[in-house]
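# Overview (structure and organization)
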Amino acid sequence: ETEEGGNSRTKSTSHYSAKLNDIPHHHHSHHHANNHHHPEPDATNHHGHHQISYPDHHSPRQLAHTHSSVDKSSHLHIEQREATADDVLPTTNEIGKVPAPGSSTPPNNLLSSTSEWQALQHHAKSGFPHLRDLLQDQERVEGLTLENDGFIIDFSRQKMTMETKRLLLDLAEKANLKEKIFAMVSGAPVNPTEHRAALHMALRASKDDTFNIMEEAGDAKQSSLSSRGDDDENGVVNVVPLVHEVLDRIEDFSSRVRDGSWAGASGRPLRNILVVGIGGSYLGTNFVDKALLNDPQAKRRAAAARNATLRFLSNVDPVNVATTVEGMDPEESLVVVISKTFTTAETMLNAKTLKDWLVKGQKNTKEGGEEGGPAAELEFERTVVKRHMVAVSADVEKASEFGVDPDNVFTFWDWVGGRYSVSSAVGILPLALHYGMETVRDFLAGARAMDRHFIEAPLSANLAAMMGLINIWQTNFQGFSTRAIIPYSHALSKFAPHVQQVGMESNGKSVTLGGEVIDYASAEIEFGEPGTNAQHSFFQMLHQGRVVPVDFLGFTHSQNPLHLEGEPVANHDELMANFFAQPDALAIGQTARQLREAGVAEELVPHKMMPGDRPSTVILIDRPLDAHTIGQLLALYEHRIAVQGFMWSVNSFDQYGVELGKSLGLTVREQLIRSRTQNAPVNGFNPSTTNLLNRYLQSTAKDNNTTTAPTT
């Protein structure tokens, strides 16, 4: 996770009501005619708080079925109003409600205590036909297939019926899901433990969108940009102008680097972009980079600037340092340091290491070629850092102390969680430097398109909401604890690791927002690999071992279409044949009778039987995997994960579980320093850790004094 432990500068202090003002509909939302229509949750609670107003001519359901385009000048507008004591999260009942300050005991308000939860438990035990039989029901298939803007999501291979869907929507209504979604959009503190909003959707807003957040009176401004936001007299800030000012600065700087007008200390162009970050500062951007790498348009835009390389240094392991700088010329390299607080030990050590590499790798002379003494060397170091290092941080002062020019510190805010930060300067700056701002804006537009669908579509037709609800069905009512994410696209090789972090770090919690221990499972273990690689790695287990629900992702168009002369099928058809076959193989299986009829030897029949009845979701994307589609995909999974957190009433936006290991790591670090420099004995650890530390210190005593910078 991007560092979350710094000073909280901008805090959500009030509750917001959300209003959808004629959101443009560039693409239609569709769910099949036989889909079960379910009433949407009442948007007004019994205290009259948090009313969600739709345009007079649009009901929630009508919003999802509007096919005509609306005037593009209309926009999403979020209005602020005063908070009340009960407005930490909007609720229509006790489910998910945070106890009042000073309460000694959290209320007994787990979702599992409701009649809607119990109805689903009873339904799950009632028994279902085998998936091979359920798949023969055309009406059910149509009712469990959703489509929006090129994304076709088929849930018909889930062990469920239309009644299951109805009961899940009942549960969503009881959990106030729609209201919690609007609370997030409205800038309410949906992260109450840190008293922060989660406004990552504002990062991809258009300039005429409005996302409001309260800035406490007397709080230090997070950056000079804050004073240029749209403030009202109550301290409410529309953050969209702040977002676009950062985007404009990124566009200006990245354009100068790409056209060579911003050069290195020696005057040579900066062709290599090296990004230093960890967790959310790395995984999301790495996923987008790898997805864009072979997109024809993105490749052309990268080549236009002669940018040879975009690499990431995320691990403090010196091997990662060596592989990152291998073949790189320091005179042609720009280092982007990403750290919210500029204090995280691993990130700062890597930043210092690359700083040393940059300085030592360049000719250390005074400007003009005359050799100088220590003062000249110090000035040369400052020049190198100023020309070769930039930062993404909330703390401009600390980045400046490190040597980065304050004009080259690109900010992001505490209402942007690290794992949701790829749409901020965290991801946008490296991607713009390599691929150009036009590609970046396409990516942001794709994410915004999925955001709009998530906000406006009724739950029954909402892609992310239904994905989240069906995952609740799998996890809490069918007992599955894992999920495989299998994209039939090599370009998405880093997609599963990103989703893994967002899902498991967001929802891997054991208490509700109010601190009550949950009695149901939360985040699943998520993992994955691209298509046919996964088939030859772990699909044996999926077919005949443990049951693992799968998300299959495939594309109608390839980034690199190939069809060899004389071959009966194109390469992409060969790939997609597997994409269509594997979900059916898991669902339908292979019976003993079929094997015997095929002439299989009797002794092999039990070894070749496949039970089938194994659930999966099939996502067919009827558009190329380009920057726009990548943005859609990112937002779809972000929202799916948020839906699950809202249903479980956990805080999807903090990560205290990460902090314990980090704090213990600092204790070990101090011990290593004392033992190395003062020969101090290992003290204060349990016997196991003491033994291991002693062995490590003894084994590395001779080579520990070797502390050279990586070589070019």
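Remember, it's a predicted structure, so these values are computed and weren't measured experimentally.

## Side note on the overall build of the protein chain
- For the protein chain, the count of helices and strands is 25 helices and 17 strands.
- A buried classification covers 56% of the 712 residues belonging to the protein chain.
- Working note: accessible area of the protein chain is about 29300 Å², and carbon and sulfur atoms make up 50% of it.

## A few points about the packing of aromatic side chains
- What the rule picks out here adds up to 18 aromatic pairs.
- With 6.0 Å between their ring centres and 25 degrees between their planes, W473 and F477 make a pair best called stacked. On the criterion of helical spacing, the pair formed by W473 and F477 is a turn pair, its members being four residues apart in helix α16 (residues 463-477).
- In this structure F477 comes out as buried when scored by relative accessible area, which is 11%.
- Ring centres of F539 and F552 lie 6.3 Å apart, and the angle between their planes is 75 degrees; this geometry places the pair in the edge-to-face category. In this pair, F539 is assigned in helix α19 (residues 539-544) and F552 in strand β16 (residues 550-555), connecting sequence segments 13 residues apart. Per residue, the accessibility class of F539 equals that of F552, and both read buried.
- Cluster of aromatic residues (ring-pair linked, three or more members): Y488, F527, F538, F539, F552, F579 and F580.
- Of note, K355 hangs over the ring of F402, and the distance from its end group to the ring centre comes to 4.5 Å.
- It is R387 that lies over the ring of W262; its NZ or CZ is 3.7 Å from the centre.

## So, the sheet that holds strand β12 (residues 389-392)
- Strands sit in the order β10-β9-β11-β12-β13 across an open sheet of five strands; the sheet is parallel. One side of each edge strand has no neighbouring strand; the edge strands of this open sheet are β10 (309-313) and β13 (409-410).
- Pairing between β12 and β13: two bridges, direction parallel. Across the sheet, residue V392 finds its bridge partner in β13, namely F410.
- Contacting β11 (333-338) and β12, helix α12 (residues 374-388) crosses the sheet at an angle of about 55 degrees to β12.

## Comments concerning the side chain of T341
- Along the polypeptide, T341 turns up in the loop between β11 and α11 (345-360).
- Take T341: its relative accessible area is 10%, and that puts it in the buried class.
- Polar side-chain contacts of T341 include one of 2.6 Å to the side chain of T343.

## Considering the packing of helix α24 (residues 656-678) against helix α25 (residues 687-700)
- Direction vectors running N to C along α24 and α25 enclose 45 degrees, while the axes themselves pass 12 Å from each other. Taken together, the axis directions place α24 and α25 in an arrangement best described as oblique. The hand of the α24/α25 crossing is right-handed. Residues V668, L672, S675 and R676 of α24 form the contact with α25, whose participating residues are L693, Y696, L697 and T700.
- Each residue belonging to the contact of α24 with α25 can be placed in one class, and the counts come to five nonpolar, two polar and one charged.

## Brief notes about the pairing of strand β17 (residues 616-621)
- By the criterion of burial, β17 is predominantly enclosed, with six of the six residues buried.
- Burial of the side chains of β17 extends over both faces: S616, V618 and L620 are buried on one face and T617, I619 and I621 on the other.
- Here strand β5 (residues 151-154) runs beside β17; their pairing, made up of four bridges, is antiparallel. Across the sheet, I152 pairs through a bridge with L620, a residue of β17.

## Description of the packing of helix α5 (residues 162-174) against α16
- For the pair α5 and α16, the least separation of the axes is 10 Å and the interaxial angle reads 100 degrees. As far as their axial angle goes, α16 and α5 are roughly perpendicular. Contact with α5, carried on its side by T164, K165, L168, L169, L171 and A172, involves M466, L469, I470, I472, W473 and F477 of α16 and no other residues of that element.
- Residues that form the contact of α5 with α16 fall into these classes: ten nonpolar, one polar and one charged.

## Overview of the pattern of salt bridges
- All told, the structure shown has 35 salt bridges when counted by the stated rule.
- A salt bridge links R268 to E331, with the nearest nitrogen and oxygen atoms 3.5 Å apart. With a gap of 63 residues between them, R268 in the loop between α7 (240-259) and β9 (272-276) and E331 in the loop between α10 (318-325) and β11 connect regions that are remote in the sequence.
- Classification of R268 as partly exposed rests on a relative accessible area of 30%.
- The buried category is assigned to E331, whose relative accessible area is 18%.
- With a shortest N-O distance of 3.1 Å, R301 and E438 are connected by a salt bridge. Of this pair, R301 sits in helix α9 (residues 296-304) while E438 sits in helix α15 (residues 437-456), placing them 137 residues apart in sequence.
- Classification of R301 as buried rests on a relative accessible area of 14%.
- Looking at E438, the relative accessible area reads 53%, which means it is exposed.

## Examining unusual backbone geometry
- With phi around 60 degrees, N176 is a residue other than glycine that occupies positive phi space.
- Residue placement: N176 occurs in the loop between α5 and α6 (177-185).
- For N176, a relative accessible area of 3% puts it in the buried group.
- Phi is positive for D613, close to 60 degrees, though the residue is something other than glycine.
- Assessed through its relative accessible area of 25%, D613 is described here as partly exposed.

## As for the pairing of β10
- β10 sits mainly inside the fold: four of its five residues count as buried.
- Two strands pair when backbone bridges link them, and β9 and β10 are joined in this way by five bridges, in the parallel orientation. Its bridge partner lying in β10, I273 is registered against L310.

## Topic: the side chain of T700
- Within the element layout of this structure, T700 appears in helix α25.
- Side-chain polar atoms of T700 contact the side chain of R676, separated by 2.8 Å.
- Reaching out from T700, the side chain makes a polar contact with the backbone oxygen of Y696 at a distance of 2.7 Å.

## Considering helix α17 (residues 495-507)
- The terminal C-alpha atoms of α17, which comprises 13 residues, lie 18 Å apart, in line with the 18 Å expected from a rise of 1.5 Å per residue.
- With respect to burial, α17 is a largely interior element, ten of its 13 residues being buried.
- Its buried side turned inward, α17 meets α8 (283-292), β14 (482-487), β15 (525-527), β16, α23 (627-648) and α24.

## Focus: the environment of V392
- Within the secondary structure layout, V392 lies in strand β12.
- For V392, a relative accessible area of 0% translates into the label buried.
- C-alpha of V392 to C-alpha of S339: the two residues are 53 residues apart in sequence and 6.3 Å apart in space.
- Residues contacting V392, with those up to four places away along its chain left out, are V336, V337, I338, S339, F410, F412, A425, V426 and L429.

## Some thoughts on helix α2 (residues 115-125)
- Of the positions making up α2, those classed as buried are W117, L120 and H123. Looking down the long axis of α2, one finds its buried residues gathered within 120 degrees of arc, a one-sided arrangement. Along α2, exposed side chains directed more than 90 degrees from the buried face belong to S115, H122 and K125.
- Check the buried side of α2 and you find it contacts α5 and α16.

Quick notes on the rules
Residues numbered from 1 in each chain as written. Predicted model: local features only at pLDDT ≥ 70, side-chain atom pairs only at ≥ 80, totals over all residues. Heavy atoms only, no water. Helix = DSSP H or I, 4+ residues; strand = E, 2+ residues; numbered from the N terminus. Buried < 20%, exposed > 50% of the residue type's maximum accessible area, 1.4 Å probe, protein only. Areas by Shrake-Rupley, 256 points an atom, 1.4 Å probe, with all protein chains shown as cover. Phe/Tyr/Trp six-rings, centres within 6.5 Å; stacked < 30°, edge-to-face > 60°. Lys NZ or Arg CZ within 6 Å of the ring centre and 35° of its normal. Pairing = 2+ DSSP bridges. Contact = heavy atoms within 4.5 Å. Axes fitted to C-alpha atoms, helices over the stretch in contact; angles between N-to-C directions. Polar contact = N/O pair within 3.5 Å; in protein donor to acceptor, adjacent residues only side chain to side chain. Parallel < 35°, antiparallel > 145°, perpendicular 65-115°, else oblique. Left-handed = near helix turned anticlockwise from the far one by under 90°. Nonpolar A, V, L, I, M, F, W, Y, C, P; charged D, E, K, R; others polar. Salt bridge = Lys/Arg side-chain N within 4 Å of Asp/Glu carboxyl O. Expected span 1.5 Å × (residues − 1). Arc of directions from axis to C-beta.

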